[in-house]
Amino acid sequence: MSAPHAVVVGGGIGGLAAAVALTRAGCEVSLFEKAPLLDPVGAGLALAPNALRALDALDAGEEVRKRSAPHGIAAIRRRDGRWLVRTGPHETQQRFGDAVCVLRYADLCDVLLQRLPSGALHTGSAVTAVEAGTTRQLARVSTETGDLSADLVVVADGARSAVRSELFLEHPGAVYAGFACWRAIVPWDQADPLDFGETWGKGGVAGVLPLSGDEVYCYATANVPAGESAPDERAALVERLADWHEPLADLFAAARPEAVVRSDAWHIDTPLPAYHKGRVAILGDAAHAMTPNLAQGAGQAIEDAVVLAHHAGGSMAYVTTAVQSYSAARVGRTTALVQRSAQLAEAVQNDSPVLAGLRDTAAGLVGKVAPWQLARYTRPVDDWRPPVAS
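Residues numbered from 1 in each chain as written. Predicted model: local features only at pLDDT ≥ 70, side-chain atom pairs only at ≥ 80, totals over all residues. Heavy atoms only, no water.

Enquirer: How would you sum up helix 5 (residues 105-113)? Please name residues and give values.
Expert: Among the residues making up helix 5, those that are buried are D107, L108, C109, V111 and L112. In this fold, the buried residues of helix 5 make contact with helix 1 (13-24), strand 3 (44-47), helix 2 (49-57), helix 3 (61-66), strand 7 (100-104) and helix 10 (297-312). (Buried < 20%, exposed > 50% of the residue type's maximum accessible area, 1.4 Å probe, protein only. Helix = DSSP H or I, 4+ residues; strand = E, 2+ residues; numbered from the N terminus. Contact = heavy atoms within 4.5 Å.)

Here you go:
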């Protein structure tokens, strides 16, 4: 008897994780990515303990930890450099069993790609349409290179998913969150001391996170119209950070101009009614795109993949029931995180000097008087455990 066939749409973190998880669950997987090459952006990402447990379920956690640098759950400063909250990797490890791991986006992609069977990835082949199928009828997937049937289709084509829009015609889709994010991987001489963490200013943030080797990951945000770009993004960003504490502007100035990548922040402000239709499961940003403020976008996509494989791996004969169970398990958690991340974005992107001052004062009091409250705030996110087969 042939293995059930799963088609994954999109070759980002969510799509790769889903392909790995379903392969491990016994599926034959075809992953379609419209780009001619998987060329991950030159950026980093932080994986909290929940994401690392999900990667452990894919037998990828240890390799990710080896390629990462440890960081604490929260390290926040004011624009003048004064610390508001500061926790280290050791404290996070003690509370949650893992530190936050920071690594290059490309490294995470590479770890997942290594776990895919040869021939599973099809680049340069966009999916143009999906028929969701029914209990008795297989799903149909149309691509630029031909049509195929599938026992299961996984939609992981990003926040502005074209396939999601076809499946949920009345849903408004992702909306612009009002700000953009600039990211870069920057050379760093480890002999020079450097404090890692995030800085809150008026109307945006900037951050510096550790990476393995002689580089660091830098990012910054600002309230700008969607799609608006500067002739030289690096120069504009360095000018914006000129009156922020050192060495934020200097770090971005040290990046190659082409290494500074801008992306607009989109999120699904109106929750989807479900993350499934027929034989189709929707995951990652396509299901619940969130602002980057909780650093949970990649983590939630990997969680999705593990939970989907858990429900679908038992018997693909009941795939429509499996995707319903997956949806029921994920909608509540991810919807709450989208809302929480949006609330945090509203606070840190606030342009009002008065409100920004009140925000910093409140954060400073928590950091000084009750730092344990941080663990209480993040525990519902970081304490997640992968489902266990009964």
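Moving on from the coordinates now.
Enquirer: Can you explain the packing of aromatic side chains? Please cite residues and give values.
Expert: Enumeration over the complete set of coordinates arrives at three aromatic pairs. Both rings, one in Y176 and one in W266, keep their centres 5.7 Å apart while their planes meet at 55°; by these two values the pair is tilted. You can see Y176 sitting in strand 13 (residues 175-187) and its partner W266 sitting in strand 17 (residues 261-267), a full 90 residues away along the chain. The exposure class of Y176 is partly exposed, given its relative accessible area of 22%. Directly above the ring of W83 sits R77, whose terminal nitrogen or CZ lies 4.6 Å from the centroid. The ring centre of W266 lies 3.8 Å from the NZ or CZ of R160, which sits over that ring. (Phe/Tyr/Trp six-rings, centres within 6.5 Å; stacked < 30°, edge-to-face > 60°. Lys NZ or Arg CZ within 6 Å of the ring centre and 35° of its normal.)

Enquirer: Go over the nonpolar core with me, naming the residues and quoting the values.
Expert: Counting 69 residues, the largest nonpolar core has L22, L47, L55, L58, L108, L152 and V153 as the members making the most contacts within it. Every residue in contact with L55, bar those within four places of it in the chain, is listed here: L47, A60, G61, V64, L108, L112 and I302. Formed by 22 residues, the second largest nonpolar core is a distinct cluster that contains C218, L248, L251 and A255. (Core = buried A, V, L, I, M, F, W, Y, C linked by side-chain atoms within 4.5 Å.)

Enquirer: Describe the pairing of strand 10 (residues 139-143), listing the residues and the values that go with them.
Expert: Both faces of the sheet carry side chains from a regular strand, because those side chains alternate between them. Burial along strand 10 is one-sided: the residues A139, V141 and T143 are buried and none of R140 and S142 is. Relative to strand 11 (residues 146-150), strand 10 runs antiparallel, the two sharing five bridges. Paired with S142 across the two strands is D147, which belongs to strand 11. What sits between the antiparallel neighbours strand 10 and strand 11 is a turn of two residues. (Pairing = 2+ DSSP bridges.)

Enquirer: Give me the sheet that holds strand 7: which residues, what numbers.
Expert: Strand order in the open sheet made by the three strands is 3-7-4, with antiparallel pairing throughout. Strands at the two margins of the open sheet, each flanked by one partner only, are strand 3 and strand 4 (69-71). For this sheet, the mean inter-axis angle between neighbouring strands, taken without regard to orientation, is 30°. The pairing of strand 3 with strand 7 spans four bridges and is classified as antiparallel. Residue pairing for strand 7: L45 is matched across the bridge by L103. On the sheet, helix 5 packs against strand 3 and strand 7 and is oriented at approximately 90° with respect to strand 7. (Axes fitted to C-alpha atoms, helices over the stretch in contact; angles between N-to-C directions.)

Enquirer: Would you mind going over the pattern of salt bridges in detail, with residue names and values included?
Expert: Scanning the model with the defined rule gives 18 salt bridges in all. Salt-bridge contacts for R65 lead to D56; the nearest nitrogen and oxygen are separated by 2.8 Å. Among the residues examined, D56 registers a relative accessible area of 35% and is labelled partly exposed. The partner of D304 in a salt bridge is R330, and the shortest N-O contact between them spans 2.6 Å. Of the two residues, D304 sits in helix 10 while R330 sits in helix 11 (residues 319-348), which places them 26 residues apart along the sequence. Judged by its relative accessible area of 0%, D304 falls in the buried class. The structure contains a network of salt bridges with shared partners spanning E63, R67, R104, D107, D110 and E215. (Salt bridge = Lys/Arg side-chain N within 4 Å of Asp/Glu carboxyl O.)

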